[in-house]
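Chains, contacts and geometry: an overview
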2 protein chains.
Amino acid sequence: MINTALFVKMVIDRWNGSIANLDKHLGSLTDEQLQKQVAPGKNRGFYLLGHFIAVHDEMLVLLGMGAKLYPELYGPFLKEPDNIAVQTPPVAALRKMWETQNKLIHEKFRQMNPEDWFQKHTAIADADFAAEPHRNKLNVVITRTSHLQYHTGQIVLLH
Amino acid sequence: MINTALFVKMVIDRWNGSIANLDKHLGSLTDEQLQKQVAPGKNRGFYLLGHFIAVHDEMLVLLGMGAKLYPELYGPFLKEPDNIAVQTPPVAALRKMWETQNKLIHEKFRQMNPEDWFQKHTAIADADFAAEPHRNKLNVVITRTSHLQYHTGQIVLLH
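Residues numbered from 1 in each chain as written. Chains lettered and ligands numbered in written order. Predicted model: local features only at pLDDT ≥ 70, side-chain atom pairs only at ≥ 80, totals over all residues. Heavy atoms only, no water.

**Structural notes on the relation of the copies chain A and chain B**
Which entries qualify depends on this criterion: To line up the copies, we fit them by least squares on C-alpha atoms, keeping just the residues with pLDDT of at least 70 in both. Throughout, a contact is declared for two residues whenever any of their heavy atoms are within 4.5 Å.
Screw-axis analysis of chain A against chain B gives a translation of 0.0 Å along the axis, an RMSD of 0.0 Å, and a rotation angle of 180°. Both copies are brought into coincidence by an operation consistent with a two-fold rotation axis. The share of interface residues of chain A whose copies in chain B are also at the interface is 97%, consistent with both copies meeting through the same surface.

**Considerations on the packing of helix H3 (residues 45–62) of chain B against helix H5 (residues 91–110) of chain B**
All names here are of chain B. Applied cut-off: An axis is simply a line fitted to the C-alpha atoms; with a helix, the fit covers only the stretch in contact. Between two such axes, the angle follows the N-to-C directions and lies from 0 to 180 degrees. Numbered from the N terminus, helices here are DSSP runs of H or I no shorter than four residues, and strands are runs of E no shorter than two. The scheme is simple: roughly parallel for angles under 35 degrees, roughly antiparallel for over 145, roughly perpendicular for 65 to 115, oblique for anything else. Each crossing gets its handedness from the near helix: less than a right angle anticlockwise from the far helix is left-handed, clockwise is right-handed. Each residue receives one of three labels: charged for Asp, Glu, Lys and Arg, nonpolar for Ala, Val, Leu, Ile, Met, Phe, Trp, Tyr, Cys and Pro, and polar for the others, Gly being one of them.
Viewed as axis vectors pointing N to C, H3 and H5 meet at an angle of 30°, and their least axial separation amounts to 10 Å. With respect to their mutual orientation, H3 and H5 come out roughly parallel. Like other packed secondary-structure pairs, H3 and H5 cross with a definite hand, here left-handed. Across the interface between the two elements, Phe-46, Leu-49, Gly-50, Phe-52, Ile-53, His-56, Asp-57, Met-59 and Leu-60 from H3 touch Val-91, Leu-94, Arg-95, Met-97, Trp-98, Gln-101, Leu-104, Ile-105 and Phe-109 from H5. Along the lines of polarity and charge, the residues of the contact of H3 with H5 split into 13 nonpolar, three polar and two charged.

**Brief notes about the UniProt feature "domain: DinB-like" (unreviewed entry) in chain A**
The condition is simple: UniProt positions are given in the numbering used here, feature names are shortened, and annotations may be inferred rather than shown by experiment.
Cross-referencing UniProt, the feature "domain: DinB-like" (unreviewed entry) maps to residues 19–155 of chain A in the present numbering. The annotated region residues 19–155 of chain A carries 61% helix and 0% strand content, and the separation between its end C-alpha atoms amounts to 13 Å.

**With respect to the environment of Ala-92 of chain A**
All names here are of chain A. Quick reminder of the rule: Only protein chains enter the accessibility calculation, which uses a 1.4 Å probe. A residue is then buried if its area is under 20% of the maximum for its type, exposed if over 50%, and partly exposed in between.
Tracing the backbone shows Ala-92 in helix H5 (residues 91–110). The class of Ala-92 is partly exposed, set by a relative accessible area of 47%. Separated by 16 residues in sequence, Ala-92 and Pro-76 have C-alpha atoms that sit 17 Å apart.

Structure follows, in structure tokens:
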């Protein structure tokens, strides 16, 4: 048996590293750059920023870490695709939300004991979890880290 | 203490899911599409395909799973950036290498016992590993899955 804290560190380090990398890129892209499409006909940069916040808000709920901070982002940045006809929201407001949310996530993750991460997330039934114990909270972070990396690869194209 | 096999399954499932997703996209992109840049002035699709193969060859070595299959890809797809002035190699050849390499990786991963994944990788000294046990083989797969997702987010822009 391997030490549980070691597993958890490996996964959370990768989440933190992915957030720090994206944050570095966001810090060096101007609001004007974020209003551009990452490639012709594809999502605009600020749409991806709003999308990250909306998805991470859903993650907080899945992890049982409280309510969404910005439920108003669900419609325009998760349910609906980017629409060039829709006016750009203030990018500065999204940047502030992103910062606030990351601080909250960091604090919530810090409060978890290693074993807590292997509890079921909030969208799986007890019976299903008994048969599929890999569908735990830590696995939610693993899949959301993949999602983060996928769209980070797109937003960097704005440089 | 959490079951080691469970943790390994979570990480390897994410690797396998990421490979399967990229494979699906590669299968639906033509050779002509892969010769295009993912965004103006950025890497061409086939460069990313060669880059994946070169990076995963390096991973095989790091994991102590044998020598590289295609060492000739290191120069043009990892050491050197994409260069539009360089002629497109036969995309069909890269596709074949990708398929062969994935089969080998799948088989090598299948042969590992869960505990084996927590051994040190081949690029870290014993003394360093004693102090930093998270720098193990499974962590190499975690970071390479991030890399895979990052560039998958770019290659899908060719659709």
